[in-house]
Amino acid sequence: GSVPWVVAGIADGSPASHAGLRLGDLVLAVDGTPVPRSITGVGGASVELTVVRRATGDTTDIHLTRDDLSGGFAPCPVFDLFEDDDNHLWMGLYSGSLVMSIEIPGDDSGWRLFTAQDGIEQGEEPRIAQAHGDIWAVSNDAYHGVNRYHDGTWSVVPPSTEPWTPVHPSIL
């Protein structure tokens, strides 16, 4: 099947904001068709989006009227999606980077990208979980450690050097 789109930002005054689309909504279908690779259309045309609300898990249809907008749509290949106890939305990107939703005064569409420069060991296809208030992320291979986010700082639990030690994302 197709992979839902995650709404990662909504421009003020855009058709999406007027229709009630929300940060973190999952778009399942466009005009009844599982999400295509892109949405294109002419201004003034109607479109129906089938979405799952992140906050409630409810599925709803949102009707909006397209408009001519500047800018563009940038695909962001997400491997894992997780909401923590503080209602931050986390995304594990296929590339190994991690993204967290943040609050920006006067705006609710901020995101923070974490990479190796922030102290994480980037491995492909990271899984994300929360335990005892900390965020944990582990990649889908045995060569990278387990990343821990505690009080705003990343640390890494290195992989075992024992060749028989099983390493798998299911440890989360």
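Residues numbered from 1 in each chain as written. Predicted model: local features only at pLDDT ≥ 70, side-chain atom pairs only at ≥ 80, totals over all residues. Heavy atoms only, no water.

Attention shifts here to the confidence of the model for the protein chain. When pLDDT is averaged across the protein chain, the result is 80; 81% of the residues are at 70 or more. In the predicted structure, residues 164-170 sits below a pLDDT of 50 and forms seven contacts with residues beyond four places in sequence or in another chain. (pLDDT = per-residue confidence, 0-100. Contact = heavy atoms within 4.5 Å.)

Within the element layout of this structure, Ser 101 appears in strand β8 (residues 98-104). Reaching out from Ser 101, the side chain makes a polar contact with the backbone nitrogen of Leu 89 at a distance of 2.8 Å. Sequence-distant contacts of Ser 101, defined by excluding residues within four places in its chain, comprise Asn 87, His 88, Leu 89, Gly 110 and Trp 111. (Helix = DSSP H or I, 4+ residues; strand = E, 2+ residues; numbered from the N terminus. Polar contact = N/O pair within 3.5 Å; in protein donor to acceptor, adjacent residues only side chain to side chain.)

Bringing the packing of aromatic side chains into the picture now. Taken as a whole, this structure holds seven aromatic pairs when the rule is applied. Seen from their ring centres, Phe 79 and Tyr 94 are 5.2 Å apart, and the 75° between their planes marks the pair as edge-to-face. Placement of the pair is Phe 79 in strand β6 (residues 78-83) and Tyr 94 in the loop between β7 (89-93) and β8, with a sequence separation of 15 residues. When the centroid spacing of 5.5 Å and the interplanar angle of 70° are considered together, the rings of Phe 114 and Trp 154 count as edge-to-face. Taken together, the residues span a long stretch of sequence, with Phe 114 in strand β9 (residues 107-114) and Trp 154 in strand β13 (residues 153-157) at a distance of 40 residues. Residue class for Phe 114 comes out buried when judged on its relative accessible area of 4%. Taking relative accessible area as the criterion, Trp 154 reaches 8% and is therefore assigned buried. (Phe/Tyr/Trp six-rings, centres within 6.5 Å; stacked < 30°, edge-to-face > 60°. Buried < 20%, exposed > 50% of the residue type's maximum accessible area, 1.4 Å probe, protein only.)

Listed in full, the 12 residues of the largest apolar core are Trp 5, Val 7, Ala 16, Leu 21, Val 27, Val 30, Val 35, Val 47, Leu 49, Val 51, Ile 62 and Leu 64. The set of elements that each furnish at least two residues to this core consists of β2 (26-30), β4 (46-52) and β5 (59-65). Of all the elements, β4 adds the most residues to this core, at three residues. Not counting the four nearest positions on each side in its chain, Val 7 is found in contact with Leu 21, Arg 22, Leu 23, Gly 24, Asp 25, Val 27 and Trp 111. Ranked by size, the runner-up nonpolar core spans 10 residues in total, among them Leu 98, Met 100, Ile 135 and Tyr 149. (Core = buried A, V, L, I, M, F, W, Y, C linked by side-chain atoms within 4.5 Å.)

Turning our attention to the pairing of β4. Counting buried positions over the seven residues of β4 gives five, a clear majority of the element. Note: β2 against β4, four bridges, orientation antiparallel. Directly across from Val 27, in β4, lies its bridge partner Val 51. With seven bridges joining them, β4 and β5 adopt antiparallel strand pairing. Bridge pairing in β5 links Val 51 to Thr 60. Connecting β4 to the antiparallel partner β5 that follows it, the hairpin turn spans six residues, and Gly 57 within it adopts a positive phi of roughly 80°. (Pairing = 2+ DSSP bridges.)

Once that is clear, we can look at the pattern of salt bridges. Using the criterion set out here, one finds four salt bridges in the structure. Across the pair Arg 53 and Asp 25 runs a salt bridge whose closest N-O atoms are separated by 2.6 Å. With Arg 53 in the loop between β4 and β5 and Asp 25 in the loop between α1 (15-19) and β2, the pair connects residues that are 28 residues apart, well separated along the chain. Put simply, Arg 127 and Asp 80 hold a salt bridge, and the shortest N to O gap is 3.7 Å. Residue Arg 127 is located in strand β10 (residues 127-131), and its partner Asp 80 is located in strand β6; the two are separated by 47 residues in the primary sequence. Classification of Asp 80 by relative accessible area gives buried; the value is 11%. (Salt bridge = Lys/Arg side-chain N within 4 Å of Asp/Glu carboxyl O.)

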